[in-house]
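Here's the letter readout for the chains.
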Amino acid sequence: MNEEYDAIVLGTGLKECILSGMLSVSGKKVLHVDRNPYYGGESASITPLEDLFSKFGLKDVPMEEFGRSRDWNVDLIPKFLMANGILVKLLIHTGVTKYLEFKSLEGSYVYKQGKIYKVPADEKEALVSNLMGLFEKRRFRNFLIYVQEFKLEDQATWKGIDPHTTTCTDLLGKYSLDKDTKDFTGHALALFRDEKFMEEPCLELIRRIKLYCESLARYGKSPYLYPLYGLGELPQGFARLSAIYGGTYILDQKVDEIVYDESGKVVGVRSGTDIAKCKQLFVDPTYVPEKVKKTGQVIRCICLLNHPVPNTKDALSCQIIIPQKQLSRKNDIYVSVVSYTHHVAAKGWFIAMVSTNVETDNPEVEIKPALDLLGPIRQKFVSISPIYKPVDDGSQNQLYISESYDATTDFETTCNDVLQIFKKATGEDFDFSKMKHDLNDDE
């Protein structure tokens with residue numbers, strides 16, 4: 001380890017692995033270190049199934065009914081890829097897609113007054129949706145047509161709306177959408193996590209709905225993709241990319257100290273008597289507890305089911321969003337469902353994950369409405385994780401810290417965090433065109 005690097009990355013969560021790949025592609029000499037002997041960090045995938053039971057302190061549980069243990073590959077923080085989103089663009093430009101095969105989700109659902117309904121994402125679905133009454137369907141259809149025809153560079157498509165000044169409240173009000181339609185539009189289509197967006201300029205709302213619709217148009221059933229064999233392949237794919245560009249990886253390596261100079265700037269990392277020097281350091285928040293602040297908690301509940309989720313037409317995969325207002329909450333509740341068809345569970349089994357930001361002293365009661373949607377649960381695993389954010393932007397000490405993974409079931413917030421860190425550290429936006437490489441050139 002006694003060498004000097006442009007950048008050292010600590011932790012092999014997906015964010016850190018993407019950053020490692022981006023920095024290496026940009027010509028940086030990168031050392032990537034993790035104290036764990038496996039990739040993924042807190043976002044790892046667990047196999048065989050006994051390891052998942054053991055991780056949650058469950059021992060001597062009869063395993064026969066769960067089928068072959070090695071058929072299970074359970075994500076601790078499952079998320080879906082938006083088909084036209086940032087992570088897919090990164091995967092395509094890197095060539096990492098050569099090692100991954102994706103399957104489209106079979107549906108996206110939203111919760112309304114105790115029931116779940118398929119989210120209509122185009123004008124045809126809007127007209128047959130049970131989510132809205134007859135007149136509301138037509139209003140929503142007109143709104144969707146406006147969004148799809150909107151072009152920022154063509155003011156004729158704005159139709160009297162200034163996207164830079166008109167609020168979301170005013171835009172949705174122009175189409176006379178009722179409160180429930182506004183609810184699922186903001187939370188199940190645009191994927192906003194709270195109500196602040198309603199008083200902000202509507203351009204971001206339009207952009208997000210266009211992304212949803214464009215993603216849906218690529219595969220038809222839903223806008224979301226999920227990799228066969230789980231998310232565990234993603235960090236390794238970006239690690240491989242970094243290695244192709246000269247990055248060095250060391251797993252199962254303890255980190256004893258982050259070394260600073262007299263001015264407080266990062267100069268290296270110490271492990272035992274070895275010190276690796278660097279100009280910049282990128283870390284997940286668990287490596288620097290003194291440099292982050294806790295801003296909340298996320299509860300996640302992994303549920304093993306031997307049946308599809310009721311009222312989804314026996315979907316083998318789906319997403320369900322419960323908008324906060326439906327349960328008088330401040331945060332949405334998210335449900336992701338994958339199954340044996342994704343090679344992450346034994347034949348006939350499903351994995352459902354429920355997640356949300358904790359708001360009370362009894363988090364499990366908070367997620368009960370979501371658990372009730374799943375039908376009989378054969379086994380569940382509950383975890384509560386702190387949400388950490390860095391206390392500064394890293395520009396002074398050259399220490400760049402990622403945020404903890406949030407409760408959402410898509411990768412857009414994850415990738416935005418990575419792109420922001422890259423820009424803070426390098427002073428420029430990442431050039432996607434640089435990431436074109438034939439991975440068959442490897443070794």
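As the structure is a computational prediction, the values presented were derived from the model and not from experiment.

With that out of the way, let us pick up the overall build of the chain. A tally of helices and strands in the chain yields 12 helices and 19 strands. The C-alpha radius of gyration computed for the chain amounts to 22 Å, which stays within 12% of the reference 22 Å derived for 443 residues, consistent with globular compactness. In terms of overall dimensions, the chain has C-alpha extents of about 70 × 60 × 45 Å along its principal axes. Within the chain, the fraction of its 443 residues that count as buried is 54%.

We now examine the packing of aromatic side chains. Enumeration according to the criterion identifies 20 aromatic pairs in this entry. An aromatic cluster is built from Phe140, Phe143, Tyr146, Phe150, Trp158, Tyr175 and Phe184, whose rings are joined through pairwise contacts. Lying over the aromatic face of Tyr405, Lys15 brings its terminal NZ or CZ to 5.2 Å of the ring centre. Sitting over the ring of Tyr5, Lys29 keeps its end group 5.0 Å from the ring centre.

Pairing is antiparallel across the open sheet formed by three strands, whose spatial order is E5-E9-E6. Each of the sheet's edge strands pairs with one partner strand only, and the pair in question is strand E5 (81-82) and strand E6 (102-104). Sheet topology note: the E5/strand E9 (residues 224-227) ladder contains two bridges and is antiparallel. Directly across from Met82, in E9, lies its bridge partner Tyr224.

Okay, the environment of Val338 next. Topologically, Val338 is positioned in strand E16 (residues 333-339). By relative accessible area, Val338 is classed as buried at 8%. Contact partners of Val338, with chain neighbours within four places excluded, come to Phe80, Tyr226, Leu316, Ser317, Val344, Phe350 and Ile351.

Here Thr341 shows up in the loop between E16 and strand E17 (350-357). A polar atom in the side chain of Thr341 sits 3.0 Å from the side chain of Ser339. At 3.5 Å, the side chain of Thr341 forms a polar contact with the side chain of His342. Look past the residues within four positions of Thr341 in its chain and what remains in contact with it is Lys103, Leu228 and Leu316.

Take helix H8 (residues 203-219) next. If you check H8, its first and last C-alpha atoms are 25 Å apart, about what 17 residues at 1.5 Å a residue would give, namely 24 Å. All buried positions along H8 are accounted for by Leu205, Ile206, Ile209, Lys210, Leu211, Tyr212, Cys213, Ser215 and Leu216. Of the residues flanking the end of H8, it is Gly220, one or two places downstream, whose phi is positive at about 90 degrees.

Time to look at the pattern of salt bridges. Within this structure, the stated rule accounts for 19 salt bridges. In this structure, Glu149 engages Lys159 in a salt bridge whose closest nitrogen and oxygen atoms are separated by 3.5 Å. With Glu149 in helix H5 (residues 134-149) and Lys159 in the loop between H5 and helix H6 (168-174), this residue pair connects regions lying 10 residues apart in the sequence. On the basis of relative accessibility, which here comes to 42%, the residue Glu149 falls in the partly exposed class. Residue class for Lys159 comes out partly exposed when judged on its relative accessible area of 45%. Glu359 is paired through a salt bridge with Arg329; the nearest N and O atoms lie 3.5 Å apart. Highlighted residues: Glu359 in the loop between E17 and helix H10 (363-366) and Arg329 in the loop between strand E15 (318-322) and E16, separated in sequence by 30 residues. Look at Arg329 and you get buried, because its relative accessible area is 12%.

Right, let's get into the environment of Arg270. Among the structural elements, Arg270 can be located in strand E12 (residues 266-271). With 14 residues separating them in the primary sequence, Arg270 and Asp256 have C-alpha atoms 5.7 Å apart. In this structure, Arg270 is in contact with Val255, Asp256, Glu257, Val259 and Ile275, ignoring residues within four places of it in sequence. A distance of 2.8 Å separates a polar side-chain atom of Arg270 from the backbone oxygen of Gly272.

On to the packing of helix H1 (residues 14-25) against helix H9 (residues 233-244), then. For any two helices packed against each other, one specifies the inter-axial angle together with the distance between the axes. Contact geometry for H1 and H9: axes closest at 8 Å, N-to-C directions at 20 degrees. The angle between H1 and H9 falls in the class roughly parallel. As for the relative orientation of H1 and H9, their crossing is left-handed in sense. Facing H1, whose interface residues are Leu14, Cys17, Ile18, Ser20, Gly21, Ser24 and Val25, H9 presents Leu234, Pro235, Phe238, Leu241 and Ser242. Within the contact of H1 with H9, the residues separate by chemical class into eight nonpolar, four polar and no charged.

With that settled, the discussion passes to the pairing of strand E7 (residues 108-112). Extensive coverage of E7 is indicated by the burial of five of its five residues. Residue alternation in E7 divides its side chains into two sets, Ser108, Val110 and Lys112 and Tyr109 and Tyr111, and both sets are buried. Note: E7 against E15, three bridges, orientation parallel. Paired with Tyr109 across the bridge in E15 is Ile320. With four bridges joining them, E7 and strand E8 (residues 115-118) adopt antiparallel strand pairing. The residue bridging Tyr109 from the neighbouring strand is Lys118, located in E8. Linkage of E7 to E8, two consecutive antiparallel strands, is achieved through a turn of two residues, within which Gln113 is found at a positive phi near 50 degrees.

Rules of the game
- Residues numbered from 1 in each chain as written.
- Predicted model: local features only at pLDDT ≥ 70, side-chain atom pairs only at ≥ 80, totals over all residues.
- Heavy atoms only, no water.
- Helix = DSSP H or I, 4+ residues; strand = E, 2+ residues; numbered from the N terminus.
- Rg over C-alpha atoms; globule rule 2.2 N^0.38 Å.
- Buried < 20%, exposed > 50% of the residue type's maximum accessible area, 1.4 Å probe, protein only.
- Phe/Tyr/Trp six-rings, centres within 6.5 Å; stacked < 30°, edge-to-face > 60°.
- Lys NZ or Arg CZ within 6 Å of the ring centre and 35° of its normal.
- Pairing = 2+ DSSP bridges.
- Contact = heavy atoms within 4.5 Å.
- Polar contact = N/O pair within 3.5 Å; in protein donor to acceptor, adjacent residues only side chain to side chain.
- Expected span 1.5 Å × (residues − 1).
- Salt bridge = Lys/Arg side-chain N within 4 Å of Asp/Glu carboxyl O.
- Axes fitted to C-alpha atoms, helices over the stretch in contact; angles between N-to-C directions.
- Parallel < 35°, antiparallel > 145°, perpendicular 65-115°, else oblique.
- Left-handed = near helix turned anticlockwise from the far one by under 90°.
- Nonpolar A, V, L, I, M, F, W, Y, C, P; charged D, E, K, R; others polar.

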